[in-house]
Amino acid sequence: MGFKMSRHPVLSPYKERIKTMRQSALRQLGRIYGRKLDPLDSLLIVVPHPDDELQGCGGLLAKYCAAGTRADMLFLTKGEASHNGCCDVSEEMVGSVRRKLAMEANASIGISRDRLIFLEGKDGRLPGAGVGNFYELAEKINEQMEILRPEAVFCPHPFEKW
């Protein structure tokens, strides 16, 4: 049986506000969907793990790639810690599989393997500002930006946390 907001004592007063917010979001999406994209020669996606780029903006990437935009992916980690504590698979195996899947998934929208860059950071242990090897990692990102010179950069919003 599904969740019934009308029966939930804490959420009931917010039912109309939530409904209004949903309707507003759908109207905004309707204005955006199908809109012609500004042309870009190149773009860079910077994400913590493989699959974040396609979950976050796969449709956008597919449209830009179809229009001939050069797209590069910069993965801070291989996503190796995603299965910790749930099964008997090593981090090395998970990272290897996720890297391979990233190559296959990106190829399906026109992004070749040579456009995928893995910085080999430790999944779940990326340093915060000023901590550990933060500046070393920031310098690696900066080096790639200097090499690639993207016209636009996409990355997750700081509030997107697991």
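Residues numbered from 1 in each chain as written. Predicted model: local features only at pLDDT ≥ 70, side-chain atom pairs only at ≥ 80, totals over all residues. Heavy atoms only, no water.

**Q** Let's hear about the overall build of the protein: which residues, and what values?
**A** Along its length, the protein carries 4 helices and 4 strands. Seen in sequence order, the protein has helices and strands lined up from the N terminus as α-β-α-β-α-β-α-β. When contacts within the protein are restricted to residue pairs at least 6 apart in sequence, long-range pairs at least 24 apart make up 70% of them. Here the protein displays about 11,300 Å² of accessible surface, and carbon together with sulfur accounts for 56% of that area. (Helix = DSSP H or I, 4+ residues; strand = E, 2+ residues; numbered from the N terminus. Contact = heavy atoms within 4.5 Å. Areas by Shrake-Rupley, 256 points an atom, 1.4 Å probe, with all protein chains shown as cover.)

**Q** Tell me about the nonpolar core, and name the residues and values.
**A** If you look at the biggest cluster of nonpolar residues, it comprises 17 residues, and the most contacted ones within it are Leu43, Leu61 and Met73. At the level of secondary structure, the elements contributing two or more residues to this core comprise strand E1 (42–47), helix H2 (52–66), strand E2 (70–77), helix H3 (91–107) and strand E3 (116–121). Element by element, the count of residues in this core is highest for H2, at 4 residues. Among all residues touching Leu43, those that are not within four sequence positions of it are Leu61, Tyr64, Thr69, Arg70, Ala71, Asp72, Pro150, Ala152 and Phe154. One finds Val46, Leu74, Leu76 and Leu119 within the second-largest nonpolar core, a separate group that totals 8 residues. (Core = buried A, V, L, I, M, F, W, Y, C linked by side-chain atoms within 4.5 Å. Buried < 20%, exposed > 50% of the residue type's maximum accessible area, 1.4 Å probe, protein only.)

**Q** Run through H2, naming residues and quoting values.
**A** Three- or four-residue spacings in an α-helix give side chains the same orientation, since the helix completes a turn every 3.6 residues. Given a rise of 1.5 Å per residue, 15 residues ought to cover 21 Å, and the 20 Å separating the end C-alpha atoms of H2 matches this to within 8%. At Gly58, H2 shows its maximal bend, which comes to roughly 85 degrees. Every buried residue belonging to H2 is among Asp52, Glu53, Cys57, Gly58, Leu61, Tyr64 and Cys65, and all of these are buried. Where H2 ends, the next residue or the one after it, Gly68, has phi of about 95 degrees, a positive value. (Expected span 1.5 Å × (residues − 1). Bend = angle between axes of the 7 residues up to and from the residue.)

**Q** Any chance you could break down the side chain of Ser42 for me, citing the residues and the numbers?
**A** Inspection of the secondary structure assignment puts Ser42 in strand E1. Ser42 sits in the buried class, given a relative accessible area of 5%. Polar contacts involving the side chain of Ser42 include one to the main-chain amide nitrogen of Glu151, which spans 3.0 Å. (Polar contact = N/O pair within 3.5 Å; in protein donor to acceptor, adjacent residues only side chain to side chain.)

**Q** Lay out the confidence of the model for the protein in plain terms, naming residues and giving numbers.
**A** Of all residues in the protein, 62% have pLDDT values of 70 or greater, and the mean over the chain is 75. Long-range and interchain partners of residues 1–6, a stretch whose pLDDT sits below 50, account for 10 contacts in this model, where long-range means more than four residues apart. (pLDDT = per-residue confidence, 0-100.)

**Q** Outline the pairing of E2, listing residues and values.
**A** With 7 of 8 residues buried, E2 is to be regarded as a mostly interior element. A crossover connection joins E1 to the parallel E2 through H2; in handedness this β-α-β unit is right-handed. (Right-handed = clockwise from strand over helix to strand, strands pointing away.)

**Q** Kindly report on the pattern of salt bridges, identifying the contributing residues and their values.
**A** All told, the structure shown has 5 salt bridges when counted by the stated rule. Here Asp72 ties to Arg70 by a salt bridge, and the two come within 2.8 Å at their closest N and O atoms. The closest approach of N and O atoms between Arg115 and Asp72, which form a salt bridge, is 2.5 Å. With Arg115 in the loop between H3 and E3 and Asp72 in strand E2, this pair connects stretches of sequence that are 43 residues apart. According to the relative accessible area criterion, Arg115 is partly exposed, its value standing at 22%. (Salt bridge = Lys/Arg side-chain N within 4 Å of Asp/Glu carboxyl O.)

**Q** So, unusual backbone geometry: which residues are in play, and what are the values?
**A** Its identity is not glycine, yet Arg149 carries a phi of approximately 50 degrees, on the positive side. Tracing the chain through its elements places Arg149 in the loop between helix H4 (134–148) and strand E4 (152–154). Take Arg149: its relative accessible area is 58%, and that puts it in the exposed class.

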